[in-house]
Amino acid sequence: YITVGTGVGVGLVVNGKPVHGRMHPEGGHIPVQPLPHDAFAGYSWGKDKSPFQGIHTVEGIASTVALTERVLLQDAGPHTTVGGGGGSGD
């Protein structure tokens, strides 16, 4: 199960049973390799809230916050950043 909002959450099922207890799977913090021509490194909101500062993570590129920042950057032009998140121009 995956939910996408301001972050990316996952539910983990092993051998047909949901994983409970102390484990808190952080699917959004999984590092990902960016596409070759993608200048958007990650969202600015993750800077203080994520172990990788939202840079090159599932959450940093696919959450609603990240998608909103991508649109704002596209609308503003190629040398604009949103909140210092490492997009083009940083």
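Residues numbered from 1 in each chain as written. Predicted model: local features only at pLDDT ≥ 70, side-chain atom pairs only at ≥ 80, totals over all residues. Heavy atoms only, no water.

**Q** Outline the overall build of the chain, listing residues and values.
**A** Regarding its fold elements, the chain presents 2 helices and 4 strands. Listed by position from the N terminus, the elements making up the chain come as β-β-β-β-α-α. When each of the 90 residues of the chain is scored for burial, the buried share is 24%. Once local pairs closer than 6 in sequence are excluded, the contacts in the chain between residues at least 24 apart make up 47%. With the model as given, the accessible surface of the chain reaches about 5,900 Å², and the carbon-plus-sulfur share is 60%. (Helix = DSSP H or I, 4+ residues; strand = E, 2+ residues; numbered from the N terminus. Buried < 20%, exposed > 50% of the residue type's maximum accessible area, 1.4 Å probe, protein only. Contact = heavy atoms within 4.5 Å. Areas by Shrake-Rupley, 256 points an atom, 1.4 Å probe, with all protein chains shown as cover.)

**Q** Tell me about a nonpolar patch on the surface, and please be specific about residues and values.
**A** There is a patch of nonpolar side chains on the surface, built from Ile2, Val4 and Val10 and spanning about 260 Å² of accessible area. With respect to the element layout, valine 10 can be found in strand E2 (residues 8–10). In this structure valine 10 comes out as partly exposed when scored by relative accessible area, which is 31%. (Patch = residues over 30% accessible without salt bridge, like charges linked within 9 Å, V, L, I, M, F, W, Y side chains within 5 Å. Salt bridge = Lys/Arg side-chain N within 4 Å of Asp/Glu carboxyl O.)

**Q** Report on the pattern of salt bridges, specifying residues and quantitative values.
**A** Any two side chains of opposite charge can pair if their charged atoms end up close together. Counted under the stated rule, the structure contains 1 salt bridge. The shortest N-O distance in the salt bridge between arginine 70 and aspartate 38 comes to 2.7 Å. Here the residue arginine 70 occupies a position in helix H2 (residues 64–76), and aspartate 38 occupies one in the loop between strand E4 (17–18) and helix H1 (58–62), the gap between them amounting to 32 residues. According to the relative accessible area criterion, arginine 70 is partly exposed, its value standing at 22%. For aspartate 38, a relative accessible area of 25% corresponds to the partly exposed category.

**Q** How would you explain the confidence of the model for the chain if you had to name every residue and give the values?
**A** Overall, the prediction assigns the chain a mean pLDDT of 78, with 78% of residues at 70 or greater. The lowest-confidence element of the chain is strand E1 (residues 2–4), averaging 83 in pLDDT; the highest-confidence one is H1, averaging 90. Counting contacts from residues 84–90, a segment whose pLDDT is below 50, to residues more than four positions away or on other chains yields 22 contacts. (pLDDT = per-residue confidence, 0-100.)

**Q** Outline the environment of leucine 73, listing residues and values.
**A** As for its placement among the helices and strands, leucine 73 is situated in helix H2. A sequence separation of 33 residues divides leucine 73 from phenylalanine 40, and the C-alpha atoms of the two residues are 8.9 Å apart.

**Q** Just give me the short version of the environment of glycine 7, but keep the residues and values in it.
**A** Tracing the sequence through the fold places glycine 7 in the loop between E1 and E2. A sequence separation of 55 residues divides glycine 7 from alanine 62, and the C-alpha atoms of the two residues are 8.4 Å apart. Aside from chain neighbours lying at most four places away, what touches glycine 7 is Glu59 and Ser63.

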